[in-house]
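Spelled out, the chains give:
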Amino acid sequence: MGTFASAAPYYALFRPGYPDALYQHLRTQFGLNGSQHMLDLGCGPGTIALPLAAHVAVVHAVDPEPAMLAEGIRLAHEQGAANIAWRAGDSTMLNRMGLPTIALCTMGKAIHWMDQRKVLADLDHIIAPAGGLAFVSGAALYERPTWLEVIERVGTNHLGPGYRQTYGPATHPADALDQYLSASTFSKFSTTTFEQPLEFTVDDLVGMQFSFSYTSPAVLGARRGAYEKDLRAALAEFEPSGVFREVRHIECTTAIRA
């Protein structure tokens, strides 16, 4: 089982979703009324697709990792979301997917690893005249939570210094999305931010580490048991209450034609 495949079940279970205010913002911004088609490019297990499915006719959820799609299908079945078309693919295949006219295309951090100029040009042929794009990402607000240092110390002990770079995805290039948007048809864009207070248990944080490529079960292999034992002990010592808090900063950049 590959790195991302082994992480997929933990991604679905332990990665926090986005706040309801974000989905309301997208519904209002793009007038989603149950009649449109939406594209979620790099959908993962449906983090954005599932909450918006009730507000569109069909969500076309596209991801290159079959294990992520399998988790999305499982969650959709549990939630009764029958209007999501799960499709294996990536941004290079947009012109070959036979997609209908799309009112909204959502993307996460995956946009930074795409050929942004080409993706925006290809989407111009798919997005409805009044439709547009939404790029969603999250990061810690103000300061990184101190418990992250505990997690990183345990990771370093088991996987070596720089393990996130060694076993994780390549660092994306400097963010030039604004420049590409300005030069594209979708040159009218703005960013809205949301604050998302989060609370985690030790179980949540351990499960979340298994959802990352650099500490996935496939990467940890035979070290997984010792890693989990040490991580649980270190987190319990750091925060005896067992409650770990973070305020996340969610950014949503929406772009439409000028």
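Look a little higher up for the structure.
Source: prediction; values computed, not measured. (Residues numbered from 1 in each chain as written. Predicted model: local features only at pLDDT ≥ 70, side-chain atom pairs only at ≥ 80, totals over all residues. Heavy atoms only, no water.)

### Some remarks on the nonpolar core
Piece 1. Counting 28 residues, the largest nonpolar core has L52, I84 and L104 as its most contacted members.
Piece 2. Contributions of two or more residues to this core are made by α2 (20-29), α3 (49-52), β2 (58-63), α4 (66-79), β3 (84-88), β5 (127-140) and β7 (244-256).
Piece 3. What L104 contacts, discounting residues up to four positions off in sequence, is L26, F30, L32, H37, M38, L39, L52, G132, L133 and A134. (Core = buried A, V, L, I, M, F, W, Y, C linked by side-chain atoms within 4.5 Å. Buried < 20%, exposed > 50% of the residue type's maximum accessible area, 1.4 Å probe, protein only. Helix = DSSP H or I, 4+ residues; strand = E, 2+ residues; numbered from the N terminus. Contact = heavy atoms within 4.5 Å.)

### Here we look at the packing of aromatic side chains
Piece 1. Overall, the coordinates contain seven aromatic pairs when judged by the stated rule.
Piece 2. Seen in terms of ring centroids, Y163 and Y214 are 5.9 Å apart; in terms of plane orientation they differ by 70 degrees. Their pairing is edge-to-face. Remark: Y214 occurs in the loop between α9 (202-210) and α10 (217-220) and Y163 occurs in helix α7 (residues 163-167); sequence separation between them is 51 residues.
Piece 3. Y163 sits in the buried class, given a relative accessible area of 4%.
Piece 4. R224 extends its terminal NZ or CZ atom over the ring of F210, reaching a point 4.4 Å from the ring centre. (Phe/Tyr/Trp six-rings, centres within 6.5 Å; stacked < 30°, edge-to-face > 60°. Lys NZ or Arg CZ within 6 Å of the ring centre and 35° of its normal.)

### Focus on the pairing of strand β4 (residues 102-107)
Piece 1. Judged by how many residues are buried, β4 sits mostly within the fold: six of six residues are covered.
Piece 2. Pairing between strand β1 (residues 37-41) and β4: four bridges, direction parallel. Bridging from a neighbouring strand, D40 pairs with T106 of β4. (Pairing = 2+ DSSP bridges.)

### Thoughts on the side chain of R248
Piece 1. Inspection of the secondary structure assignment puts R248 in strand β7.
Piece 2. You can call R248 buried: its relative accessible area is 17%.
Piece 3. Here the side chain of R248 touches E246 through a polar contact of 3.1 Å, side chain to side chain. (Polar contact = N/O pair within 3.5 Å; in protein donor to acceptor, adjacent residues only side chain to side chain.)

### Describing the pattern of salt bridges
Piece 1. Scanning the model with the defined rule gives 10 salt bridges in all.
Piece 2. D122 is the partner of K118 in a salt bridge, and the nearest nitrogen-oxygen pair spans 2.7 Å. In this pair, K118 and D122 both sit in helix α5 (residues 116-124), four residues apart, roughly one turn of the helix.
Piece 3. When the shortest N-O distance is used, the salt bridge between D203 and R232 registers 2.7 Å. Placement of D203 in helix α9 and of R232 in helix α11 (residues 224-238) is noted, with a sequence separation of 29 residues between them.
Piece 4. Using a relative accessible area of 30% as the deciding quantity, one classes R232 as partly exposed.
Piece 5. Several salt bridges converge on common partners, so that one network encompasses E71, R74 and E78. (Salt bridge = Lys/Arg side-chain N within 4 Å of Asp/Glu carboxyl O.)

### Some details on the pairing of β3
Piece 1. In this structure, β2 lies alongside β3, joined through five bridges in parallel fashion. Considered in β3, the bridge of D63 is made with A88.
Piece 2. Crossover handedness for the path β2 to α4 to β3: right-handed. (Right-handed = clockwise from strand over helix to strand, strands pointing away.)

### Here we look at α9
Piece 1. Most of α9 sits inside the fold, with seven of its nine residues counted as buried.
Piece 2. Taken together, the buried positions of α9 are occupied by V202, L205, V206, G207, M208, Q209 and F210.
Piece 3. The distance from a side-chain oxygen at the start of α9 to the backbone nitrogen of D203 is 3.4 Å, and the residue carrying that oxygen is T201.

### Description of the packing of helix α6 (residues 147-159) against α11
Piece 1. It is at 10 Å that the axes of α6 and α11 come closest, and there the two elements cross at 150 degrees. Taken as axis vectors, α6 and α11 run roughly antiparallel relative to one another. Note on packing geometry: the crossing formed by α6 with α11 is right-handed. Between α6 and α11, the residues in contact are W147, V150, I151, R153, V154, G155 and H158 and A226, Y227, D230, L231, A234, L235 and F238, respectively. (Axes fitted to C-alpha atoms, helices over the stretch in contact; angles between N-to-C directions. Parallel < 35°, antiparallel > 145°, perpendicular 65-115°, else oblique. Left-handed = near helix turned anticlockwise from the far one by under 90°.)

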